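Structure assessment
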Amino acid sequence: MWAGLIPGFLFGFLLKRSRMCLAGGLRDVYMEKRRSGLISMLLIIFTQSVVYFSLIRAGVLAMPEPKAFPLAATVIGGLLFGLGALIANGCITTTLVKVGDGRLAGFMSLFSFMIVGVASQKGFLSPLVAKLRAVGKVQDGLLAALPVAPLWVAVLGLALVLGWAFYDRKTAKPPFVLPAQYHGARHLFFEKIWSVYAAAVLIGVFAGLSYAFSKTMTGTPSAWGITGGVTGWLRAMTEGGAVKWAQFFVLGIVLGSFVCTYGSGEFSFKGTDGATLLRAMAGGALMAFGSVLGGGCIVGHGLSGTARLSLTSWVAFASITLGIWAGVRLFYKDAIVTKK
């Protein structure tokens, strides 16, 4: 329980405290020409990658084995997930954060994600998923093709992204800061908006250490991911069976968001209009089908898999990003900033 609950809690708390939205940050790269969302994602990826390959170098973890992956299913799944995240106004991770701070739209998106996710894994949609994933297999040989040790690739990537983040901070307009209502620890942990870049580095460290943490506590090193944990709760409730690491990880995200929101005095159950609820449900359904078809979501592929330098996950991450941008063109065309 604790092997999943603790890293999930830290993830949810940091997302809420820094106001970071993974899909929203990628959306704003295209819609508002803001780079901070992409930089944050890359900071998480390469910080985690440095920790992960350092653990391998130290003999704590084993080098991942290359596997074949279905290229077409990965691309289509990523596009659908990205489009769903745009429609729902946030990916499934943001959905869990919304549930933690009491938003009805989050509950509805989570509900549809659970239903369609299980239907895609074992229900009436599973034959279609299996058929699409059975064709067009490509070998993931990125690690083997690297001319140097993957740790040095991770270190170089992190150095470049840190430089980009420093430049972006230096050239950005200073944020507007509201007068503080609290002081001391309560101000720091429950009122002050943390730097999104500092939060990204912390998330990357926690995600990397989570492999060793979960291996020590459960015997198996576990990567962060959302889809299996969310659908696992529904399957555990309907089919029985043990609740596993992934289920506690997603529960931890909800609890981290709740504690952060409650501590700041902002928690309340928030309703919304019918159109927003329908969008939340439609987006959740698209994300669920896309993540099962593509083999992962914006966390499983976009953060964890990319950090392990998996070609599969980099393809999925690019596809998710393109899906989000396609959604921007479809639904927010008039809001796209044409000049920086």
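Note that the structure is a prediction, hence the values are computed from the model and not measured.

Overview of a nonpolar patch on the surface
- On the surface, Met1, Trp2, Ile6 and Met217 cluster together into a nonpolar patch covering about 430 Å² of accessible area.
- Within the fold, Ile6 resides in helix H1 (residues 2-18).

With respect to the packing of aromatic side chains
- According to the stated counting rule, one finds 17 aromatic pairs in the structure shown.
- Seen from their ring centres, Tyr30 and Trp325 are 5.7 Å apart, and the 35° between their planes marks the pair as tilted. Of the two residues, Tyr30 is situated in helix H2 (residues 22-31) and Trp325 in helix H16 (residues 311-331); the sequence distance between them amounts to 295 residues.
- Residue Trp325 is classed as partly exposed on the basis of its relative accessible area, which comes to 27%.
- Relative to Tyr211, the ring of Tyr52 has its centre 4.7 Å away and its plane inclined at 55°; by these criteria the two rings are tilted. With a gap of 159 residues between them, Tyr52 in helix H3 (residues 36-57) and Tyr211 in helix H11 (residues 196-218) connect regions that are remote in the sequence.

What about the state of the cysteines?
- Counted according to the given criterion, the structure contains 0 disulfides.
- Free of any disulfide, Cys91 has its nearest neighbouring cysteine sulfur in Cys21, separated by 5.7 Å.
- Of the residues examined, Cys91 reaches a relative accessible area of 0% and is grouped as buried.
- As a non-bridged cysteine, Cys260 has Cys21 as the owner of its nearest cysteine sulfur, 15 Å distant.

Focus: the UniProt feature "transmembrane region" (unreviewed entry) in the protein chain
- Under the feature "transmembrane region" (unreviewed entry), the UniProt entry names residues 39-56, 68-87, 107-130, 142-167, 194-213, 245-265, 277-299 and 311-332.
- Spanning residues 68-87, this segment combines 85% helix with 15% strand, and its end C-alpha atoms are found 31 Å apart.
- Secondary structure over residues 277-299 splits into 78% helix and 0% strand, and the C-alpha atoms at its two ends are 24 Å apart.

A look at unusual backbone geometry
- Here Asn89, not a glycine, exhibits a phi torsion of approximately 60°, which is positive.
- Summarising the element assignment, Asn89 is placed in the loop between helix H4 (71-87) and helix H5 (92-100).
- Even without a glycine there, the phi angle at Leu309 is positive, about 55°.
- Among the secondary structure elements, Leu309 is positioned in the loop between helix H15 (300-307) and H16.

Overview of the pattern of salt bridges
- All told, the structure shown has 9 salt bridges when counted by the stated rule.
- Between Asp101 and Arg103 there is a salt bridge, and its shortest N-O distance comes to 2.8 Å.
- Residue classification places Asp101 among the buried residues on the basis of a relative accessible area of 2%.
- Each of the salt bridges in this network shares a partner with another, and the network as a whole consists of Arg27, Asp28, Glu32 and Arg34.

Some words on the side chain of Thr261
- Among the structural elements, Thr261 can be located in helix H13 (residues 245-263).
- Here Ser257 takes part through its backbone oxygen, which lies 2.8 Å from a polar atom of the side chain of Thr261.

Calculation rules
- Residues numbered from 1 in each chain as written.
- Predicted model: local features only at pLDDT ≥ 70, side-chain atom pairs only at ≥ 80, totals over all residues.
- Heavy atoms only, no water.
- Patch = residues over 30% accessible without salt bridge, like charges linked within 9 Å, V, L, I, M, F, W, Y side chains within 5 Å.
- Areas by Shrake-Rupley, 256 points an atom, 1.4 Å probe, with all protein chains shown as cover.
- Salt bridge = Lys/Arg side-chain N within 4 Å of Asp/Glu carboxyl O.
- Helix = DSSP H or I, 4+ residues; strand = E, 2+ residues; numbered from the N terminus.
- Phe/Tyr/Trp six-rings, centres within 6.5 Å; stacked < 30°, edge-to-face > 60°.
- Buried < 20%, exposed > 50% of the residue type's maximum accessible area, 1.4 Å probe, protein only.
- Disulfide = S-S within 2.5 Å.
- UniProt positions renumbered as here; feature names shortened; annotations may be inferred.
- Polar contact = N/O pair within 3.5 Å; in protein donor to acceptor, adjacent residues only side chain to side chain.

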